[in-house]
Amino acid sequence: MSSTAQIAPEHAAPNVQLPGVGHPIDWDAMPVDDVYGLIRELYQHLAEREPETPTDGVLQRSVQLQDTLRFATALQNRYTVLIKDAFNSTSLRSTLDLPEGKTPFRDPKDLLAKTHDIRANEASARIRLADAVMPVRATDPERSDDAVVGETLLPMLAAFQGRMNPSKLSSALSMIDEVDKNAVAAGKDDQYRQKLRKLVDKDLAEKIEHTTCEEFSRYVGQRKNELLASTDPADQNFRQEHTDAMHDVRRIGPVRGNKNAIEYRVTLDAEGDEATQTLLAALTNPRGKGDDEAFERRSAGQRRMHALRDVIKFALANLDKTGFRGASGAHTQMTVITDYATLLEGIRNDLADALPEVPQRRRDRLLALLAELNSSAADIKHGSDSKPSEPSQPLEPPEPTGKALPAPKVRDVDRLLDDENLDRLQSRISRGIFTSFIPPDVILRMRCDVGISPVTMTGRRQVLSIGRQQRQFPDTLRRAIIGRDRGCAVPGCHWAAALCEMHHVQSWSEHGETSIENGVTLCTHHHQAIHAGQLRITRVDGEFRFVLHPLIDPTQQPRKNFFFQT
């Protein structure tokens, strides 16, 4: 990829005479690939010559490496803005080996994350920082009309790129962005915002070089709070735009690492506050009729949490009856996933509660007979010429075969030392689509919840294929496919199932069936990418695998998405 950017004479690489080389090296004449190859070899050489035990100067050498890597961030910022401009300009996409139309990448952030093997939020932060510290380019289709090509948004802070820890510049930029958004919400004009940005740029630049990362972060936070408060109206009569900017719902995360105690931060408007307080007041009456003593001992905060949770679950179960956007039953079903051992344990406990007078040995035999009865019926499969079986015909119990229930999975390897292999070793699966952990006892209780449908992969009560009778995936198949995929099945994609679509792997127009074996969950972007030929799907060992674009995977090996499988 070529660039017309000029390098200042004082930064140009001179003809360097290296030890052992009989002539100066003309860096400008050396291909870029060779330069990077030489840099990698030099790093490898430094790694090989560093002894395995501490020697004099090891601290200085480590600092030198850190400074060298930090210096490269300025070049990385230049690459970032050039890649962004090329992706956003269809006429320049050929420089990225991408078509002008649909590409395998959603946007520059997705392109940067997938090709550089970094997290999406890191790619986003890199683009924001590069835009702020690199000069405005004529090739940037997103530049504002008043932006002057060659000028830098934050010139004083930009002078420190390559010299300071990048996290300092990132924290400074985040603070400036938030202050600027608040100024817009407060109704400040462009001239005010430019002057404020220039003033903050100068203020932070004076502190960034003479503070540690922790000190600078603390200073930035204090300055941000002061600046946000300074734009508030003295009479507290906020503009509507200013008020709207404050509304937010944010998931903070587990409280002190407890996966069953998740903190949220919510900022409501006045209408939402009144509705919430009315609802919570009605549902948190500590003297509800029929409440037992343990229920009565809940704190006020616990009652409010339980009430809000139950209202959300009720709304989710009935959302298809509303006119809300995206409120189709196919996309608002709550899916919980558990493993065989947890489910079997719950059923055994239910049988023990229902039949306490029956010995455990006989209860296990009854459970085995029930499982055998269920598995003896073939899965219903409606083909183009087949008819569904009559539900009125009762299924006769099978003759006992004497087969025992499969041994449950365990997560303690000590219990497997006498087994022949580790096939039974498996950590408990007890989760939802968005929530990585739901206590097993809660999962088992949710089996009876009217707002939650269990995903059954086999059994005569679930229709796993409807052949050619219907193109759209019905709820029974959709739930089964979601339970398997949990989200977009393309490697590297993190879109949850609620935001995804069902795709016929073998196209409906090419006589593909509507079935689990021919269905896969894809987000809208990757669904379009498949049809545009930017992504290929295949099956390996019974699982769907994807061959990604060569920019992401030069080896072109079929890959699977592990994000939702952990």
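For the structure, see preceding data.
So, a few notes on the structure that sits alongside this text. (Residues numbered from 1 in each chain as written. Predicted model: local features only at pLDDT ≥ 70, side-chain atom pairs only at ≥ 80, totals over all residues. Heavy atoms only, no water.)

We now examine the pattern of salt bridges. Tallied over the entire structure, the rule returns 24 salt bridges. Close ionic contact of Arg-250 with Asp-248 constitutes a salt bridge, the shortest N to O distance being 3.1 Å. Among the residues examined, Asp-248 registers a relative accessible area of 25% and is labelled partly exposed. A salt bridge links Arg-309 to Asp-310; the nearest nitrogen and oxygen atoms lie 3.0 Å apart. Residues participating in the shared-partner salt-bridge network are Lys-84, Asp-85, Asp-131, Arg-137, Asp-140 and Glu-142. (Salt bridge = Lys/Arg side-chain N within 4 Å of Asp/Glu carboxyl O. Buried < 20%, exposed > 50% of the residue type's maximum accessible area, 1.4 Å probe, protein only.)

Our focus in this paragraph is the state of the cysteines. Note on terminology: disulfide describes a covalent bond linking the sulfur atoms of two cysteines. Per the stated rule, a full pass over the model turns up zero disulfides. No disulfide involves Cys-523; its sulfur sits 3.8 Å from the nearest other cysteine sulfur, which is in Cys-493. Residue classification places Cys-523 among the buried residues on the basis of a relative accessible area of 0%. (Disulfide = S-S within 2.5 Å.)

Here Asp-541, not a glycine, exhibits a phi torsion of approximately 55 degrees, which is positive. Within the fold, Asp-541 resides in the loop between β7 (536-540) and β8 (543-547). Residue class for Asp-541 comes out exposed when judged on its relative accessible area of 75%. Its identity as a non-glycine residue notwithstanding, Gln-556 has a phi of 55 degrees, on the positive side. Relative to the helices and strands, Gln-556 is located in the segment after β8. (Helix = DSSP H or I, 4+ residues; strand = E, 2+ residues; numbered from the N terminus.)

Let us look at the pairing of strand β5 (residues 500-504). Burial analysis of β5 places four of its five residues in the buried class, which makes it a mostly covered element. By the bridge criterion, five bridges tie β5 to strand β6 (residues 519-523) in an arrangement that is antiparallel. Considered in β6, the bridge of His-503 is made with Val-520. (Pairing = 2+ DSSP bridges.)

What follows concerns the packing of helix α6 (residues 166-185) against helix α7 (residues 190-208). Taken N-terminus to C-terminus, the directions of α6 and α7 make an angle of 155 degrees; their axes are 11 Å apart at the nearest point. The orientation of α6 with respect to α7, classified from their angle, is roughly antiparallel. The hand of the α6/α7 crossing is right-handed. For the pair α6 and α7, the contacting residues are Lys-168, Leu-169, Ala-172, Met-175, Ile-176, Val-179, Asp-180, Ala-183 and Val-184 in the first and Tyr-192, Arg-193, Leu-196, Arg-197, Val-200, Leu-204 and Ile-208 in the second. In terms of residue class, the contact of α6 with α7 is built from twelve nonpolar, no polar and four charged. (Axes fitted to C-alpha atoms, helices over the stretch in contact; angles between N-to-C directions. Parallel < 35°, antiparallel > 145°, perpendicular 65-115°, else oblique. Left-handed = near helix turned anticlockwise from the far one by under 90°. Contact = heavy atoms within 4.5 Å. Nonpolar A, V, L, I, M, F, W, Y, C, P; charged D, E, K, R; others polar.)

Bringing a negative patch on the surface into the picture now. There is a patch of like negative charges on the surface, built from Asp-244, Asp-269, Glu-271, Asp-273 and Glu-274. Ranked by residue count, the leading element in the negative patch is helix α10 (residues 270-283), at three residues. Checked against the element boundaries, Asp-269 lands in the loop between β2 (258-267) and α10. The class of Asp-269 is partly exposed, set by a relative accessible area of 35%. (Patch = residues over 30% accessible without salt bridge, like charges linked within 9 Å, V, L, I, M, F, W, Y side chains within 5 Å. Areas by Shrake-Rupley, 256 points an atom, 1.4 Å probe, with all protein chains shown as cover. Lys, Arg positive; Asp, Glu negative; His and termini not counted. Charge placed at Lys NZ, Arg CZ, Asp CG, Glu CD.)

So, about the environment of Gly-150. Position of Gly-150 relative to the elements: it lies in the loop between α4 (120-133) and α5 (155-158). Among residues more than four places away in sequence, those in contact with Gly-150 are Pro-135 and Val-136.

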